[in-house]
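Summary of the model geometry
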Amino acid sequence: MYWIDECVKKIIDTKKTDKYVCAAGITPSGIVHIGNLRDAITSEFVFRGLKEAGKDAEFICSWDDYDRLRKIPKGVPEEFSKYIGMPLYKVPDPYGCHDSYSVHFEKDVEKDLAKVGIRPRFIYQHKMYLDNKYYPLIKIALQRRKEIARILFNFKVQDFSKEDIEKYYPLTVYCEACNKDSTKITDYDGENLVSYECKCSHKETADISKKNIGKLVWKIDWPMRWSYEKVSFEPGGKEHSTRGGSFDVASKISQEIFNNPAPVYQAYEFIGIVGMNAKMSSSLGNVIKISDLLAIYEPEIIRWFYAKTKPLSMLNFAFDQQILKNYAEFDRFAGKISTNSATDEEKQIGFYSQIKPGRKIKPNSLSFRQLASFVQLTKGNRTELEKLLKKAGAKFSQDNLDARFNSALNWTENYAPPEYRVSVESNANKDYFAKLPQGQKEMIKKLIKKLDQHWSEEALMNLLYDIPKSQTQDTQELKKIQRKFFKNIYMLLIGQETGPRLNTFFLALGKEKVTNLLDINE
Ligand SMILES: [Zn+2]
Ligand SMILES: [Zn+2]
């Protein structure tokens, strides 16, 4: 059974409810990366699946902007370390364009998520806490704090002495005076009055029924929100999913303290990157953001990757030449979908790859490989590129080009390995030609002689494959000769051993240019 279907079935079988809530969560700490995308997209898939199954469902995504600022990510001024320990929503925007640190990162990521078709109801945790929505549940957690401590102790989350258990409070207080969490709860009356003191010397006794003073510690905050939001499904990184890990602890607390069974859970593997060197990676702050992925991959392709990969399998996004294969594979897949020759599972994958349910994925007649080389020949000039593509016989719509133009440009400018950089030689390379064996020279001369009669995509293709046949009868030998023949043409045209498909490349370059570079008289 396809993994999303399996998840959906499990939820329907185990949770009896009028409305299924699928949750995801992200901390807007300034380093929202493609690992977070797996959280949100997994929940969105399941939400979509539940709706397909005819169920009422909602998709929520929490911004954990009531979490403390832990460390200063790259790109944020070092002086921001003075805000460490404050809730993220209280920290100013380092770039000065939004109301706070957290809003700055939230708005960016919300835009990127929408591009990938992820449009949950966002919940801003600082608002929920400050509006005191969680007060009744916080009170339960405080009243049953010793039971919580025992659960944490039994799961070996924390080592408690008897005395520690007496003094344990599952609430982190943000000091009213300095906004930081350098606080300690000194007394609780068992109802609403909490006393705390802060390192800054501020002391206070607050009535938690009247105002919120802090956040539940994470392993209690998580199940508290399952209870508040009535969550039926939530995915989580595999680091939380080990036996006795965060999810197990939170489930126990959910059941024992909040009297609410844990949601159906789906663990997922990390997301990896291949084909990025240290320099590229450090220029991105060593964190691959959703926008970095969107700069080179179409959103449907990103969804397709997540949809076809089981959550516990490692998923690697390629930034090197593997991207060409990925695009080609996607085009083949989309071709199967559009010609109705896909298997049932492929149809499901196709459905979840749609940005919006119903907006079918289609193969793009412009191959990314061709675009990536032609975009370099025209130095990113779109009008010139269109002319060149038409000259080369490419058939495409503006939509086809829109979908891939920027990705191809970004990839070639930022990530393409040197052997994929295409720049046409300005002069004939006589030295290279002179060193070729006689047979190879003859083939190139023959090619030039016959160019005129073969100036079309198909005829050029036939010509390029026919010429080496005059050199040998042996098929193995023929392959070798062919490979050398093509390599020599590439070397003379672009100074590289490989390049774009030769027939369309010739058409794009034009007869005159090809002749200038290949017709060499010794
Ligand atoms: Zn901003
Ligand atoms: Zn303080």
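Residues numbered from 1 in each chain as written. Chains lettered and ligands numbered in written order. Predicted model: local features only at pLDDT ≥ 70, side-chain atom pairs only at ≥ 80, totals over all residues. Heavy atoms only, no water.

Turning our eyes to something else, we now look at the overall build of the protein. If you tally the helices and strands in the protein, you get 23 helices and twelve strands. In summary, the protein has a C-alpha radius of gyration of 30 Å against a globular reference of 24 Å for 522 residues, an excess of more than 25%. Residue pairs at least 24 apart in sequence account for 70% of intrachain contacts in the protein once pairs closer than 6 positions are excluded. Total accessible area on the protein stands at roughly 25,100 Å², and carbon and sulfur atoms take up 47% of it. Taking the 81 positively charged and 69 negatively charged side chains of the protein as two groups, their mean positions are separated by 3 Å. (Helix = DSSP H or I, 4+ residues; strand = E, 2+ residues; numbered from the N terminus. Rg over C-alpha atoms; globule rule 2.2 N^0.38 Å. Contact = heavy atoms within 4.5 Å. Areas by Shrake-Rupley, 256 points an atom, 1.4 Å probe, with all protein chains shown as cover. Lys, Arg positive; Asp, Glu negative; His and termini not counted. Charge placed at Lys NZ, Arg CZ, Asp CG, Glu CD.)

At 1.9 to 2.3 Å from the zinc ion (ligand 1) lie its protein donor atoms, namely D93 (OD), C97 (SG), H98 (ND1) and H104 (ND1). Taken together, the four donor atoms coordinating the zinc ion (ligand 1) and their angles of 102 to 116° define a geometry best described as tetrahedral. Between the donor residues of the zinc ion (ligand 1), the gaps in sequence give the motif D-x3-C-H-x5-H. (Donors = N, O, S within 2.8 Å, 3.2 Å for Na, K, Ca; no water. Tetrahedral: all angles 85-135°; square planar, octahedral: opposite > 155°, others 65-115°.)

The subject of this paragraph is the sheet that holds strand 5 (residues 183–188). Ordered by their spatial adjacency, three strands build an open sheet running 5-6-7, and the pairing between neighbours is antiparallel. With partners counted over all chains shown, the strands left at the sheet margins are strand 5 and strand 7 (203–207), one partner each. Each strand of the sheet is rotated relative to its neighbour by a mean of 30°, with strand direction disregarded. Summarising the sheet, strand 5 and strand 6 (residues 193–198) pair through five bridges and their orientation is antiparallel. Of the residues in strand 6, the one forming a bridge with T183 is C198. (Pairing = 2+ DSSP bridges. Axes fitted to C-alpha atoms, helices over the stretch in contact; angles between N-to-C directions.)

What follows deals with helix 12 (residues 299–308). Counting buried positions along helix 12 yields eight of ten residues, so the element is predominantly enclosed. Every buried residue of helix 12 is accounted for by E300, I301, I302, R303, W304, F305, Y306 and A307. (Buried < 20%, exposed > 50% of the residue type's maximum accessible area, 1.4 Å probe, protein only.)

Attention now moves to the domain arrangement of the protein. When cut into domains, the protein gives domain 1 (368–420) and domain 2 (430–518). Taking the mean C-alpha position of each, domain 1 and domain 2 sit 23 Å from one another. At the junction of the two partners, domain 1 supplies ten residues and domain 2 supplies ten residues. For the pair domain 1 and domain 2, the summed buried area comes to about 780 Å², and 57% of that belongs to carbon and sulfur atoms. Here domain 1 and domain 2 share zero salt bridges between them. Between domain 1 and domain 2 we count two residue pairs in polar contact (both at pLDDT 80 or more) in total. Among the elements of the structure, helix 15 (368–377) and helix 16 (382–391) are those that each provide at least two residues to the side of domain 1 that touches domain 2. (Domains from an automatic or database assignment. Buried area = accessible area lost by both parts, 1.4 Å probe. Salt bridge = Lys/Arg side-chain N within 4 Å of Asp/Glu carboxyl O. Polar contact = N/O pair within 3.5 Å; in protein donor to acceptor, adjacent residues only side chain to side chain.)

Its volume calculated, the largest pocket comes out at about 1,200 Å³. Lining of the largest pocket is provided by 45 residues; of these, I26, T27, N36, E239 and H240 occupy positions nearest its centre. Of all the secondary structure elements, the ones that give two or more residues to the lining of the largest pocket are strand 1 (20–26), helix 2 (34–52), strand 8 (214–216), helix 8 (218–229), strand 9 (231–237) and strand 11 (271–274). Of the residues belonging to the lining of the largest pocket, the class tally is 21 nonpolar, twelve polar and twelve charged. As a volume, the second largest pocket reaches approximately 570 Å³. (1 Å grid on protein atoms, 1.4 Å probe; cavity = no way out; pocket = protein on both sides within 12 Å on 5 of 7 lines; lining within 4 Å. Points joined across faces, edges and corners; volume = space filled by probe spheres on them. Nonpolar A, V, L, I, M, F, W, Y, C, P; charged D, E, K, R; others polar.)

To continue, consider the coordination of the zinc ion (ligand 2). Coordination of the zinc ion (ligand 2) by the protein comes from C175 (SG), C178 (SG), C198 (SG) and C200 (SG), over a distance range of 2.2 to 2.3 Å. Around the zinc ion (ligand 2), the four donor atoms sit at angles spanning 104 to 117°, and that spread fits a shape best called tetrahedral. When the donor residues of the zinc ion (ligand 2) are listed from N- to C-terminus, their spacing reads C-x2-C-x19-C-x1-C. Taken together, the positions of C175 in the loop between strand 4 (171–173) and strand 5 and C200 in the loop between strand 6 and strand 7 put the pair 25 residues apart, joining distant regions of the chain.

So, about the packing of helix 16 against helix 17 (residues 398–414). Two elements in contact, helix 16 and helix 17, have axes separated by 13 Å at closest approach and are oriented at 125°. Relative to helix 17, helix 16 is oriented oblique. Seen from above, helix 16 lies across helix 17 with right-handed handedness. On helix 17, the residues touching R382, L385, E386 and L389 of helix 16 are Q398, L401, D402 and F405. When the residues that make up the contact of helix 16 with helix 17 are grouped by side-chain class, the tally is four nonpolar, one polar and three charged. (Parallel < 35°, antiparallel > 145°, perpendicular 65-115°, else oblique. Left-handed = near helix turned anticlockwise from the far one by under 90°.)

Pairing is parallel in the open sheet, where five strands are placed in the order 3-2-1-9-10. Two strands bound the open sheet, and with one partner strand each, they are strand 3 (121–124) and strand 10 (264–268). Shown here is a sheet whose adjacent strand axes are inclined to one another by a mean of 25°, direction ignored. The pairing of strand 9 with strand 10 spans five bridges and is parallel. Residue pairing across strands places E234 opposite Y265, the latter belonging to strand 10. Relative to strand 10, helix 1 (residues 3–14) is tilted by about 155°, and along the sheet it contacts strand 1, strand 9 and strand 10.

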